[in-house]
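Reading the structure
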Amino acid sequence: MTVLERDGTRGLLHDQVFEAPPARQRALPPGASLRARRVWFAVLGLLGIWSLVGATRTGEALVNPGGWTIVRQLIGAATRPERSTEFLTSVLAATGTTIAYATVGTAVALAIGTAGGVITSRVLWAPDPLRAARRPTSAGHRALRASATTARGVHEAVWALVLLSVLGRDPWVAVLAIGLPFGAVTAKVLADLLDEADQSPVVALRASGAGRCAALCYGLGPSVVPDLVSYACYRFECALRASVVLGAIGAGGIGFELLQSFQSLRYEEIWTLVYVLCALALVVDRGSIFLRRGTADRALPLLGASLTATAMAAWHLDLRLDTFFDGRARRLLGDLVSDSLPLALPAGGWRTLAQAMVDTVQMSLVAMIVATAISGPLAFVAARPRSGGGLARAGSIAARGLLLFVRSTPPIIWAFVVLLVVFPGPLPGGLALGLYTAGVLGRLHAEVIENADPAASQALRASGAHALAGFAYGTFPTVAPRLFALTMYRWEVVLRETVIVGLVGAGGLGRLLAQQNAARDEAAMLTTILALIIAAFVVDFLSSRTRATIR
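No experiment lies behind these values; they were computed from the predicted model shown.

Along its length, the protein carries 21 helices and zero strands. Relative to its full complement of 551 residues, the protein shows a buried share of 50%. Sequence-distant contacts, at least 24 apart, represent 79% of the contacts inside the protein between residues at least 6 apart. Of the roughly 24,800 Å² of accessible surface on the protein, 66% is carried by carbon and sulfur atoms.

Laid out in C-alpha coordinates, this is it:
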(Lines give C-alpha, C1' and ligand atoms only; values in the text may rest on other atoms or scores of the structure.)
Protein backbone atom coordinates (compact mmCIF):
# COMPACT_ATOMS: atom_id res chain seq x y z
CA MET A 1 0.00 0.00 0.00
CA THR A 2 1.55 3.26 -1.07
CA VAL A 3 1.42 5.68 1.80
CA LEU A 4 2.10 8.90 -0.07
CA GLU A 5 -1.14 9.28 -1.98
CA ARG A 6 -2.18 11.98 -4.41
CA ASP A 7 -4.46 13.69 -1.90
CA GLY A 8 -1.46 14.15 0.39
CA THR A 9 -3.20 12.58 3.39
CA ARG A 10 -0.43 10.14 4.20
CA GLY A 11 2.26 12.61 3.28
CA LEU A 12 2.25 13.83 6.88
CA LEU A 13 4.01 10.84 8.34
CA HIS A 14 7.35 11.64 9.95
CA ASP A 15 9.22 8.46 9.25
CA GLN A 16 8.87 5.13 7.44
CA VAL A 17 6.60 6.39 4.72
CA PHE A 18 6.07 3.40 2.49
CA GLU A 19 4.96 -0.15 3.00
CA ALA A 20 5.52 -2.98 0.59
CA PRO A 21 2.53 -3.52 -1.71
CA PRO A 22 0.18 -6.33 -0.70
CA ALA A 23 1.09 -8.39 -3.75
CA ARG A 24 4.62 -8.82 -2.44
CA GLN A 25 3.60 -10.03 1.00
CA ARG A 26 3.22 -13.62 2.05
CA ALA A 27 -0.46 -14.43 2.36
CA LEU A 28 -1.58 -16.01 5.62
CA PRO A 29 -4.60 -18.27 6.09
CA PRO A 30 -7.53 -16.30 7.56
CA GLY A 31 -7.38 -18.19 10.85
CA ALA A 32 -3.64 -17.68 11.24
CA SER A 33 -3.99 -13.98 10.45
CA LEU A 34 -6.70 -13.57 13.07
CA ARG A 35 -4.66 -15.41 15.70
CA ALA A 36 -1.59 -13.31 14.90
CA ARG A 37 -3.66 -10.13 15.22
CA ARG A 38 -4.97 -11.18 18.63
CA VAL A 39 -1.48 -12.09 19.84
CA TRP A 40 0.13 -8.80 18.80
CA PHE A 41 -2.80 -6.73 20.07
CA ALA A 42 -2.53 -8.54 23.40
CA VAL A 43 1.21 -7.78 23.48
CA LEU A 44 0.51 -4.10 22.86
CA GLY A 45 -2.17 -4.05 25.54
CA LEU A 46 0.12 -5.61 28.13
CA LEU A 47 2.92 -3.21 27.20
CA GLY A 48 0.53 -0.28 27.62
CA ILE A 49 -0.54 -1.43 31.08
CA TRP A 50 3.09 -2.06 32.05
CA SER A 51 4.04 1.45 30.93
CA LEU A 52 1.21 3.17 32.80
CA VAL A 53 1.99 1.26 35.98
CA GLY A 54 5.72 1.82 35.66
CA ALA A 55 5.34 5.54 34.93
CA THR A 56 3.09 6.19 37.93
CA ARG A 57 4.63 3.87 40.55
CA THR A 58 7.80 5.70 41.46
CA GLY A 59 7.57 5.36 45.23
CA GLU A 60 7.55 9.17 45.47
CA ALA A 61 5.10 12.00 44.95
CA LEU A 62 4.18 12.61 41.30
CA VAL A 63 2.56 16.03 41.40
CA ASN A 64 4.22 19.28 42.45
CA PRO A 65 1.38 21.47 43.82
CA GLY A 66 3.55 24.59 43.79
CA GLY A 67 3.79 24.55 40.01
CA TRP A 68 0.10 25.20 39.45
CA THR A 69 0.54 28.88 40.32
CA ILE A 70 3.00 29.34 37.44
CA VAL A 71 0.73 27.40 35.08
CA ARG A 72 -2.24 29.62 35.96
CA GLN A 73 -0.13 32.73 35.35
CA LEU A 74 1.02 31.31 32.01
CA ILE A 75 -2.54 30.59 30.89
CA GLY A 76 -3.70 34.01 32.06
CA ALA A 77 -1.17 35.72 29.80
CA ALA A 78 -2.66 34.15 26.65
CA THR A 79 -4.89 37.18 26.03
CA ARG A 80 -2.11 39.76 26.37
CA PRO A 81 0.84 38.67 24.18
CA GLU A 82 3.90 40.92 24.01
CA ARG A 83 3.54 43.40 21.13
CA SER A 84 6.40 45.85 21.62
CA THR A 85 8.22 46.91 18.47
CA GLU A 86 11.60 45.84 19.82
CA PHE A 87 10.44 42.35 20.69
CA LEU A 88 8.50 41.84 17.45
CA THR A 89 11.60 42.88 15.50
CA SER A 90 13.68 40.24 17.27
CA VAL A 91 10.93 37.66 16.67
CA LEU A 92 10.92 38.49 12.95
CA ALA A 93 14.68 38.00 12.74
CA ALA A 94 14.46 34.73 14.69
CA THR A 95 11.69 33.47 12.43
CA GLY A 96 13.85 34.17 9.38
CA THR A 97 16.69 32.16 10.93
CA THR A 98 14.38 29.25 11.67
CA ILE A 99 13.03 29.22 8.11
CA ALA A 100 16.57 29.43 6.75
CA TYR A 101 17.67 26.40 8.78
CA ALA A 102 14.65 24.45 7.53
CA THR A 103 15.24 25.47 3.91
CA VAL A 104 18.94 24.55 3.73
CA GLY A 105 18.40 21.44 5.89
CA THR A 106 15.70 20.24 3.50
CA ALA A 107 17.97 20.88 0.50
CA VAL A 108 20.76 18.82 2.10
CA ALA A 109 18.28 16.07 2.95
CA LEU A 110 17.00 15.93 -0.63
CA ALA A 111 20.54 15.80 -2.02
CA ILE A 112 21.48 12.95 0.32
CA GLY A 113 18.13 11.23 -0.14
CA THR A 114 18.23 11.32 -3.93
CA ALA A 115 21.69 9.77 -4.11
CA GLY A 116 20.99 7.37 -1.26
CA GLY A 117 17.61 6.32 -2.65
CA VAL A 118 19.15 5.32 -5.96
CA ILE A 119 22.04 3.33 -4.53
CA THR A 120 19.89 1.56 -1.90
CA SER A 121 17.04 0.60 -4.25
CA ARG A 122 16.69 -3.11 -4.88
CA VAL A 123 16.13 -2.59 -8.59
CA LEU A 124 19.61 -1.07 -8.98
CA TRP A 125 21.26 -4.14 -7.49
CA ALA A 126 19.10 -6.79 -9.16
CA PRO A 127 20.21 -8.40 -12.45
CA ASP A 128 16.52 -8.70 -13.36
CA PRO A 129 14.53 -5.62 -12.19
CA LEU A 130 11.23 -7.50 -12.47
CA ARG A 131 12.43 -9.95 -9.82
CA ALA A 132 14.04 -7.35 -7.55
CA ALA A 133 11.49 -7.72 -4.77
CA ARG A 134 11.89 -11.51 -4.62
CA ARG A 135 15.66 -11.72 -5.02
CA PRO A 136 17.74 -11.89 -1.81
CA THR A 137 19.74 -8.69 -1.52
CA SER A 138 23.52 -8.75 -1.59
CA ALA A 139 25.73 -8.04 1.40
CA GLY A 140 26.62 -4.61 0.00
CA HIS A 141 22.98 -3.66 -0.40
CA ARG A 142 22.13 -4.82 3.12
CA ALA A 143 25.06 -2.84 4.52
CA LEU A 144 23.92 0.33 2.77
CA ARG A 145 20.36 -0.10 4.01
CA ALA A 146 21.58 -0.77 7.55
CA SER A 147 23.65 2.41 7.46
CA ALA A 148 20.64 4.43 6.36
CA THR A 149 18.48 2.82 9.04
CA THR A 150 21.02 3.74 11.71
CA ALA A 151 21.27 7.33 10.47
CA ARG A 152 17.53 7.89 10.61
CA GLY A 153 17.24 6.05 13.93
CA VAL A 154 19.20 8.83 15.68
CA HIS A 155 17.13 11.92 16.44
CA GLU A 156 18.26 15.26 15.04
CA ALA A 157 18.83 16.58 18.58
CA VAL A 158 21.41 13.82 19.14
CA TRP A 159 23.05 14.63 15.81
CA ALA A 160 23.27 18.24 16.97
CA LEU A 161 25.03 17.23 20.21
CA VAL A 162 27.58 15.18 18.26
CA LEU A 163 28.17 17.85 15.61
CA LEU A 164 28.64 20.52 18.26
CA SER A 165 31.68 18.58 19.46
CA VAL A 166 33.23 18.80 15.98
CA LEU A 167 32.05 22.10 14.48
CA GLY A 168 31.38 24.15 17.56
CA ARG A 169 28.59 26.73 17.41
CA ASP A 170 28.51 26.89 13.64
CA PRO A 171 25.25 27.17 11.63
CA TRP A 172 26.25 23.98 9.82
CA VAL A 173 25.45 22.09 13.04
CA ALA A 174 21.71 22.69 12.76
CA VAL A 175 21.72 22.26 8.96
CA LEU A 176 23.47 18.88 9.11
CA ALA A 177 21.50 17.77 12.16
CA ILE A 178 18.40 18.16 10.01
CA GLY A 179 19.89 17.05 6.70
CA LEU A 180 21.57 13.80 7.77
CA PRO A 181 18.65 11.95 9.43
CA PHE A 182 16.05 13.46 7.10
CA GLY A 183 18.25 12.51 4.15
CA ALA A 184 18.30 8.90 5.36
CA VAL A 185 14.50 8.93 5.62
CA THR A 186 14.19 10.46 2.15
CA ALA A 187 16.53 7.80 0.77
CA LYS A 188 14.21 5.09 2.09
CA VAL A 189 11.19 6.82 0.59
CA LEU A 190 12.83 7.17 -2.84
CA ALA A 191 14.16 3.61 -2.78
CA ASP A 192 10.66 2.29 -2.05
CA LEU A 193 9.20 4.48 -4.80
CA LEU A 194 11.71 3.10 -7.29
CA ASP A 195 11.21 -0.51 -6.19
CA GLU A 196 7.42 -0.28 -6.35
CA ALA A 197 7.22 1.51 -9.73
CA ASP A 198 6.55 -0.25 -13.04
CA GLN A 199 9.92 -1.74 -13.99
CA SER A 200 9.27 -2.25 -17.71
CA PRO A 201 11.03 1.01 -18.80
CA VAL A 202 14.14 -0.09 -16.90
CA VAL A 203 14.04 -3.51 -18.54
CA ALA A 204 13.77 -1.93 -21.99
CA LEU A 205 16.66 0.48 -21.39
CA ARG A 206 18.86 -2.26 -19.90
CA ALA A 207 18.11 -4.47 -22.92
CA SER A 208 19.23 -1.66 -25.24
CA GLY A 209 22.60 -1.46 -23.48
CA ALA A 210 22.03 1.32 -20.94
CA GLY A 211 23.84 1.11 -17.60
CA ARG A 212 22.04 0.43 -14.36
CA CYS A 213 22.08 4.00 -13.04
CA ALA A 214 21.13 5.50 -16.41
CA ALA A 215 18.28 3.02 -16.87
CA LEU A 216 17.04 3.72 -13.38
CA CYS A 217 17.17 7.51 -13.69
CA TYR A 218 15.68 7.78 -17.19
CA GLY A 219 13.30 4.83 -16.90
CA LEU A 220 11.78 5.50 -13.49
CA GLY A 221 12.72 9.12 -12.82
CA PRO A 222 9.75 10.74 -14.61
CA SER A 223 7.26 8.49 -12.79
CA VAL A 224 8.59 9.11 -9.27
CA VAL A 225 9.44 12.82 -9.48
CA PRO A 226 5.88 14.05 -8.70
CA ASP A 227 5.73 11.90 -5.54
CA LEU A 228 9.24 12.98 -4.57
CA VAL A 229 8.30 16.66 -4.94
CA SER A 230 5.20 16.06 -2.86
CA TYR A 231 7.28 14.38 -0.19
CA ALA A 232 9.83 17.20 -0.27
CA CYS A 233 7.07 19.67 0.63
CA TYR A 234 6.19 17.54 3.63
CA ARG A 235 9.83 17.14 4.60
CA PHE A 236 10.14 20.94 4.73
CA GLU A 237 7.29 21.00 7.26
CA CYS A 238 9.19 18.47 9.39
CA ALA A 239 12.43 20.44 9.00
CA LEU A 240 10.69 23.59 10.18
CA ARG A 241 9.54 21.86 13.37
CA ALA A 242 13.01 20.35 13.82
CA SER A 243 14.69 23.74 13.44
CA VAL A 244 12.50 25.09 16.26
CA VAL A 245 13.58 22.22 18.50
CA LEU A 246 17.25 22.66 17.59
CA GLY A 247 16.92 26.36 18.27
CA ALA A 248 15.69 25.55 21.76
CA ILE A 249 18.88 23.58 22.45
CA GLY A 250 21.18 26.34 21.26
CA ALA A 251 21.05 26.72 17.47
CA GLY A 252 19.27 30.06 17.59
CA GLY A 253 16.08 31.16 15.90
CA ILE A 254 12.58 31.19 17.24
CA GLY A 255 13.14 28.08 19.37
CA PHE A 256 15.94 29.82 21.25
CA GLU A 257 13.78 32.91 21.81
CA LEU A 258 10.97 30.72 23.12
CA LEU A 259 13.26 28.91 25.53
CA GLN A 260 14.76 32.17 26.80
CA SER A 261 11.32 33.66 27.43
CA PHE A 262 10.17 30.50 29.20
CA GLN A 263 13.19 30.30 31.47
CA SER A 264 12.75 33.99 32.35
CA LEU A 265 9.01 33.45 32.98
CA ARG A 266 8.10 36.22 30.53
CA TYR A 267 4.66 34.80 29.84
CA GLU A 268 3.51 37.47 27.37
CA GLU A 269 6.55 36.84 25.18
CA ILE A 270 5.91 33.09 25.31
CA TRP A 271 2.42 33.55 23.88
CA THR A 272 3.62 35.89 21.15
CA LEU A 273 6.13 33.28 20.04
CA VAL A 274 3.58 30.47 20.22
CA TYR A 275 1.13 32.45 18.11
CA VAL A 276 3.88 33.12 15.57
CA LEU A 277 4.62 29.37 15.42
CA CYS A 278 0.94 28.61 14.88
CA ALA A 279 0.70 31.17 12.07
CA LEU A 280 3.88 29.83 10.49
CA ALA A 281 2.62 26.25 10.68
CA LEU A 282 -0.67 27.27 9.08
CA VAL A 283 1.06 29.10 6.22
CA VAL A 284 3.44 26.21 5.57
CA ASP A 285 0.59 23.71 5.74
CA ARG A 286 -1.58 25.60 3.25
CA GLY A 287 1.39 26.37 1.01
CA SER A 288 2.52 22.75 0.85
CA ILE A 289 -0.99 21.64 -0.14
CA PHE A 290 -0.96 24.19 -2.96
CA LEU A 291 2.48 23.08 -4.16
CA ARG A 292 1.53 19.40 -4.11
CA ARG A 293 -1.16 20.08 -6.71
CA GLY A 294 -0.05 19.94 -10.31
CA THR A 295 3.63 19.37 -9.54
CA ALA A 296 4.27 18.05 -13.06
CA ASP A 297 3.29 21.38 -14.63
CA ARG A 298 5.27 23.42 -12.10
CA ALA A 299 8.37 21.25 -11.86
CA LEU A 300 10.88 23.64 -13.43
CA PRO A 301 9.57 26.86 -11.81
CA LEU A 302 9.41 25.05 -8.48
CA LEU A 303 12.99 23.83 -8.88
CA GLY A 304 14.21 27.33 -9.72
CA ALA A 305 12.37 28.88 -6.79
CA SER A 306 13.71 26.20 -4.43
CA LEU A 307 17.31 26.75 -5.52
CA THR A 308 16.92 30.51 -5.14
CA ALA A 309 15.39 30.15 -1.68
CA THR A 310 18.16 27.77 -0.63
CA ALA A 311 20.87 30.17 -1.83
CA MET A 312 19.24 33.07 0.03
CA ALA A 313 18.89 30.98 3.19
CA ALA A 314 22.55 29.90 3.02
CA TRP A 315 23.58 33.54 2.63
CA HIS A 316 21.40 34.53 5.59
CA LEU A 317 23.01 31.86 7.79
CA ASP A 318 26.49 32.75 6.50
CA LEU A 319 27.32 29.12 5.71
CA ARG A 320 30.94 28.59 4.70
CA LEU A 321 32.27 25.48 3.02
CA ASP A 322 35.75 26.10 4.38
CA THR A 323 34.38 24.97 7.76
CA PHE A 324 34.79 21.37 6.62
CA PHE A 325 38.37 21.88 5.49
CA ASP A 326 39.47 23.60 8.67
CA GLY A 327 42.23 21.77 10.49
CA ARG A 328 40.47 22.47 13.78
CA ALA A 329 37.34 20.56 12.69
CA ARG A 330 39.41 17.57 11.57
CA ARG A 331 41.33 17.61 14.84
CA LEU A 332 38.14 17.76 16.90
CA LEU A 333 36.65 14.91 14.87
CA GLY A 334 39.71 12.78 15.58
CA ASP A 335 39.50 13.66 19.26
CA LEU A 336 35.80 12.72 19.32
CA VAL A 337 36.47 9.32 17.77
CA SER A 338 39.39 8.57 20.09
CA ASP A 339 37.43 9.74 23.15
CA SER A 340 34.39 7.65 22.19
CA LEU A 341 36.28 4.37 21.88
CA PRO A 342 36.29 1.99 23.56
CA LEU A 343 32.67 2.19 24.66
CA ALA A 344 31.98 2.90 28.31
CA LEU A 345 28.94 2.33 30.48
CA PRO A 346 27.27 5.28 32.21
CA ALA A 347 27.70 5.88 35.92
CA GLY A 348 25.79 3.06 37.57
CA GLY A 349 26.67 0.51 34.87
CA TRP A 350 24.25 -1.76 33.09
CA ARG A 351 21.54 -1.18 35.65
CA THR A 352 21.40 2.56 34.91
CA LEU A 353 21.46 2.02 31.15
CA ALA A 354 18.74 -0.66 31.27
CA GLN A 355 16.53 1.50 33.50
CA ALA A 356 16.91 4.45 31.12
CA MET A 357 15.90 2.22 28.18
CA VAL A 358 12.86 1.00 30.12
CA ASP A 359 11.91 4.57 30.98
CA THR A 360 12.26 5.57 27.32
CA VAL A 361 9.98 2.80 26.07
CA GLN A 362 7.45 3.46 28.83
CA MET A 363 7.54 7.18 28.05
CA SER A 364 6.79 6.50 24.37
CA LEU A 365 3.87 4.20 25.21
CA VAL A 366 2.39 6.66 27.72
CA ALA A 367 2.68 9.35 25.05
CA MET A 368 0.80 7.21 22.54
CA ILE A 369 -1.95 6.39 25.04
CA VAL A 370 -2.39 10.09 25.87
CA ALA A 371 -2.23 11.12 22.21
CA THR A 372 -4.77 8.51 21.13
CA ALA A 373 -7.18 9.44 23.93
CA ILE A 374 -7.05 13.12 22.91
CA SER A 375 -6.82 12.84 19.13
CA GLY A 376 -9.58 10.24 18.71
CA PRO A 377 -12.54 12.46 19.67
CA LEU A 378 -10.91 15.60 18.23
CA ALA A 379 -10.28 13.94 14.86
CA PHE A 380 -13.96 13.02 14.55
CA VAL A 381 -14.96 16.64 15.23
CA ALA A 382 -12.13 18.13 13.13
CA ALA A 383 -13.00 16.14 9.99
CA ARG A 384 -14.70 18.56 7.62
CA PRO A 385 -18.40 17.62 7.54
CA ARG A 386 -19.94 16.72 4.19
CA SER A 387 -23.28 17.89 5.47
CA GLY A 388 -24.69 19.59 8.52
CA GLY A 389 -25.23 23.14 9.62
CA GLY A 390 -23.00 25.90 10.83
CA LEU A 391 -22.53 24.24 14.22
CA ALA A 392 -20.74 21.25 12.67
CA ARG A 393 -18.50 23.52 10.60
CA ALA A 394 -17.72 25.73 13.59
CA GLY A 395 -16.82 22.64 15.64
CA SER A 396 -14.53 21.43 12.86
CA ILE A 397 -12.73 24.79 12.67
CA ALA A 398 -12.33 24.94 16.46
CA ALA A 399 -11.00 21.38 16.66
CA ARG A 400 -8.54 22.00 13.83
CA GLY A 401 -7.35 25.17 15.53
CA LEU A 402 -6.75 23.27 18.77
CA LEU A 403 -4.85 20.52 16.94
CA LEU A 404 -2.77 23.15 15.15
CA PHE A 405 -1.91 24.80 18.46
CA VAL A 406 -0.76 21.63 20.25
CA ARG A 407 1.40 20.41 17.34
CA SER A 408 2.87 23.87 16.67
CA THR A 409 4.20 24.12 20.22
CA PRO A 410 7.50 22.19 20.34
CA PRO A 411 7.53 19.11 22.61
CA ILE A 412 10.44 20.58 24.55
CA ILE A 413 8.18 23.48 25.61
CA TRP A 414 5.37 21.10 26.53
CA ALA A 415 7.93 19.27 28.66
CA PHE A 416 8.82 22.47 30.51
CA VAL A 417 5.13 23.13 31.21
CA VAL A 418 4.41 19.60 32.41
CA LEU A 419 7.56 19.54 34.56
CA LEU A 420 6.18 22.53 36.47
CA VAL A 421 3.50 20.33 38.00
CA VAL A 422 4.84 16.75 37.61
CA PHE A 423 8.14 15.61 39.05
CA PRO A 424 10.75 14.25 36.55
CA GLY A 425 10.33 10.73 35.24
CA PRO A 426 8.62 8.85 32.39
CA LEU A 427 5.21 10.32 33.25
CA PRO A 428 5.90 14.02 32.48
CA GLY A 429 7.84 13.05 29.36
CA GLY A 430 4.96 10.89 28.19
CA LEU A 431 2.42 13.62 28.90
CA ALA A 432 4.45 16.26 27.06
CA LEU A 433 5.01 14.07 23.99
CA GLY A 434 1.39 12.90 24.17
CA LEU A 435 0.09 16.46 23.90
CA TYR A 436 2.32 17.25 20.94
CA THR A 437 1.60 13.93 19.21
CA ALA A 438 -2.15 14.39 19.71
CA GLY A 439 -1.98 17.37 17.37
CA VAL A 440 -0.16 15.35 14.70
CA LEU A 441 -2.34 12.25 15.03
CA GLY A 442 -5.54 14.30 15.17
CA ARG A 443 -4.66 15.96 11.88
CA LEU A 444 -3.79 12.65 10.22
CA HIS A 445 -6.87 10.86 11.52
CA ALA A 446 -9.17 13.73 10.55
CA GLU A 447 -7.97 13.63 6.95
CA VAL A 448 -8.38 9.86 6.79
CA ILE A 449 -11.97 10.24 7.99
CA GLU A 450 -12.59 13.01 5.45
CA ASN A 451 -11.35 10.84 2.57
CA ALA A 452 -13.33 7.75 3.60
CA ASP A 453 -16.04 6.40 1.31
CA PRO A 454 -19.28 7.93 2.65
CA ALA A 455 -21.62 5.33 1.08
CA ALA A 456 -22.08 3.13 4.17
CA SER A 457 -22.56 6.08 6.51
CA GLN A 458 -25.02 7.76 4.13
CA ALA A 459 -27.04 4.54 3.84
CA LEU A 460 -27.33 4.35 7.62
CA ARG A 461 -28.29 8.03 7.84
CA ALA A 462 -30.93 7.52 5.16
CA SER A 463 -32.45 4.72 7.25
CA GLY A 464 -32.82 7.08 10.21
CA ALA A 465 -29.57 6.50 12.10
CA HIS A 466 -27.95 9.34 14.03
CA ALA A 467 -24.77 10.92 12.67
CA LEU A 468 -22.70 9.34 15.44
CA ALA A 469 -24.16 5.90 14.70
CA GLY A 470 -23.48 6.41 11.00
CA PHE A 471 -19.84 7.09 11.76
CA ALA A 472 -19.48 4.26 14.31
CA TYR A 473 -21.08 1.56 12.14
CA GLY A 474 -20.50 2.91 8.62
CA THR A 475 -17.31 4.95 8.42
CA PHE A 476 -15.19 3.73 11.32
CA PRO A 477 -14.92 0.05 10.27
CA THR A 478 -13.55 1.11 6.89
CA VAL A 479 -10.95 3.53 8.26
CA ALA A 480 -9.96 1.71 11.46
CA PRO A 481 -7.04 -0.26 9.90
CA ARG A 482 -5.58 2.92 8.44
CA LEU A 483 -6.04 4.86 11.67
CA PHE A 484 -4.30 2.10 13.57
CA ALA A 485 -1.43 1.96 11.06
CA LEU A 486 -0.91 5.72 11.39
CA THR A 487 -0.89 5.42 15.17
CA MET A 488 1.72 2.68 15.08
CA TYR A 489 3.88 4.72 12.70
CA ARG A 490 3.76 7.61 15.13
CA TRP A 491 4.89 5.32 17.96
CA GLU A 492 8.10 4.68 16.05
CA VAL A 493 8.61 8.43 15.73
CA VAL A 494 7.71 9.19 19.34
CA LEU A 495 10.32 6.72 20.59
CA ARG A 496 13.00 8.83 18.90
CA GLU A 497 11.45 12.07 20.14
CA THR A 498 11.77 10.98 23.76
CA VAL A 499 15.31 12.36 23.46
CA ILE A 500 13.93 15.91 23.20
CA VAL A 501 11.99 15.87 26.45
CA GLY A 502 14.72 13.83 28.11
CA LEU A 503 17.27 16.56 27.42
CA VAL A 504 15.30 18.95 29.66
CA GLY A 505 14.98 16.48 32.54
CA ALA A 506 11.92 14.37 31.75
CA GLY A 507 13.90 11.13 32.05
CA GLY A 508 14.94 8.20 29.90
CA LEU A 509 17.93 7.95 27.60
CA GLY A 510 17.61 11.63 26.69
CA ARG A 511 18.22 12.70 30.27
CA LEU A 512 21.17 10.34 30.47
CA LEU A 513 22.56 11.87 27.28
CA ALA A 514 22.21 15.38 28.71
CA GLN A 515 24.15 14.38 31.84
CA GLN A 516 26.90 12.69 29.83
CA ASN A 517 27.15 15.65 27.45
CA ALA A 518 27.55 18.04 30.38
CA ALA A 519 30.32 15.81 31.77
CA ARG A 520 31.95 15.48 28.30
CA ASP A 521 31.82 11.68 28.62
CA GLU A 522 31.88 10.82 24.89
CA ALA A 523 32.41 7.08 25.37
CA ALA A 524 29.32 6.78 27.58
CA MET A 525 27.36 9.02 25.19
CA LEU A 526 28.07 6.68 22.28
CA THR A 527 26.89 3.73 24.38
CA THR A 528 23.67 5.58 25.21
CA ILE A 529 23.11 6.46 21.55
CA LEU A 530 23.54 2.80 20.60
CA ALA A 531 21.03 1.87 23.30
CA LEU A 532 18.59 4.37 21.81
CA ILE A 533 19.07 2.83 18.34
CA ILE A 534 18.44 -0.65 19.76
CA ALA A 535 15.25 0.56 21.48
CA ALA A 536 14.14 2.14 18.19
CA PHE A 537 14.72 -1.13 16.33
CA VAL A 538 12.65 -3.02 18.92
CA VAL A 539 9.76 -0.58 18.63
CA ASP A 540 10.02 -0.65 14.82
CA PHE A 541 9.79 -4.45 14.94
CA LEU A 542 6.74 -4.47 17.22
CA SER A 543 5.06 -1.78 15.14
CA SER A 544 5.70 -3.43 11.78
CA ARG A 545 4.59 -6.88 12.98
CA THR A 546 1.38 -5.47 14.43
CA ARG A 547 0.65 -3.45 11.29
CA ALA A 548 1.19 -6.56 9.17
CA THR A 549 -1.74 -8.30 10.90
CA ILE A 550 -4.24 -5.67 9.73
CA ARG A 551 -3.27 -5.49 6.06
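Having seen the model, we can carry on.
Turning to helix H5 (residues 139–153), a few remarks are in order. Along its 15 residues, H5 runs 21 Å from first to last C-alpha, staying within 8% of the 21 Å computed at 1.5 Å per residue. Where H5 is concerned, the buried positions are His-141, Arg-145, Ala-148, Thr-149, Ala-151, Arg-152 and Gly-153.

To continue, consider a nonpolar patch on the surface. Residues Leu-333, Val-337, Leu-341, Leu-343 and Leu-530 make up a contiguous nonpolar surface patch of roughly 430 Å² in combined accessible area. Relative to the helices and strands, Leu-333 resides in helix H13 (residues 327–340). A relative accessible area of 44% places Leu-333 in the partly exposed class.

Attention shifts here to the packing of aromatic side chains. If you walk through the whole model with that rule in mind, you get seven aromatic pairs. Between Phe-405 and Trp-414, the aromatic rings sit 6.0 Å apart at their centres with planes inclined by 85°, giving edge-to-face as the arrangement. In this structure Trp-414 comes out as buried when scored by relative accessible area, which is 12%. An aromatic cluster of three or more residues is present, and its members are Trp-271, Tyr-275, Phe-405 and Trp-414. One Lys or Arg, Arg-235, reaches over the ring of Phe-182 and ends 4.4 Å from the middle of that ring.

With 40 residues, helix H9 (residues 212–251) should cover 58 Å at 1.5 Å per step; its first-to-last C-alpha distance of 41 Å lies more than 12% under that length. The axis of H9 is deflected most strongly, by about 65°, at Gly-221, and proline Pro-222 appears within four residues downstream. Positive phi shows up at Gly-252, right after H9, with a value of about 95°.

Overall, the prediction assigns the protein a mean pLDDT of 81, with 88% of residues at 70 or greater. Mean pLDDT across the elements of the protein bottoms out in helix H18 (residues 455–462) (74) and peaks in helix H3 (residues 85–120) (92). Taken together, the stretch residues 1–28 has pLDDT below 50 and engages in 83 contacts with residues farther than four places along the chain or on a different chain.

We now examine the environment of Cys-238. The residue Cys-238 is located in helix H9 in this model. We classify Cys-238 as buried; its relative accessible area is 2%. Expressed as a C-alpha distance, the spacing of Cys-238 and Ile-178, which sit 60 residues apart in the sequence, is 9.2 Å.

Counting 83 residues, the largest nonpolar core has Phe-262 and Trp-491 as its most contacted members. Broken down by element, this core gets its largest block of residues, 11 residues, from helix H19 (residues 467–503). Residues in contact with Trp-491, not counting those within four places in the same chain, are Leu-44, Ser-364, Leu-365, Met-368, Val-539, Leu-542 and Ser-543. If you look at the next biggest cluster of nonpolar residues, it comprises 47 residues, including Val-118, Ile-178, Val-202 and Leu-216.

So, how was this worked out
Residues numbered from 1 in each chain as written. Predicted model: local features only at pLDDT ≥ 70, side-chain atom pairs only at ≥ 80, totals over all residues. Heavy atoms only, no water. Helix = DSSP H or I, 4+ residues; strand = E, 2+ residues; numbered from the N terminus. Buried < 20%, exposed > 50% of the residue type's maximum accessible area, 1.4 Å probe, protein only. Contact = heavy atoms within 4.5 Å. Areas by Shrake-Rupley, 256 points an atom, 1.4 Å probe, with all protein chains shown as cover. Expected span 1.5 Å × (residues − 1). Patch = residues over 30% accessible without salt bridge, like charges linked within 9 Å, V, L, I, M, F, W, Y side chains within 5 Å. Salt bridge = Lys/Arg side-chain N within 4 Å of Asp/Glu carboxyl O. Phe/Tyr/Trp six-rings, centres within 6.5 Å; stacked < 30°, edge-to-face > 60°. Lys NZ or Arg CZ within 6 Å of the ring centre and 35° of its normal. Bend = angle between axes of the 7 residues up to and from the residue. pLDDT = per-residue confidence, 0-100. Core = buried A, V, L, I, M, F, W, Y, C linked by side-chain atoms within 4.5 Å.

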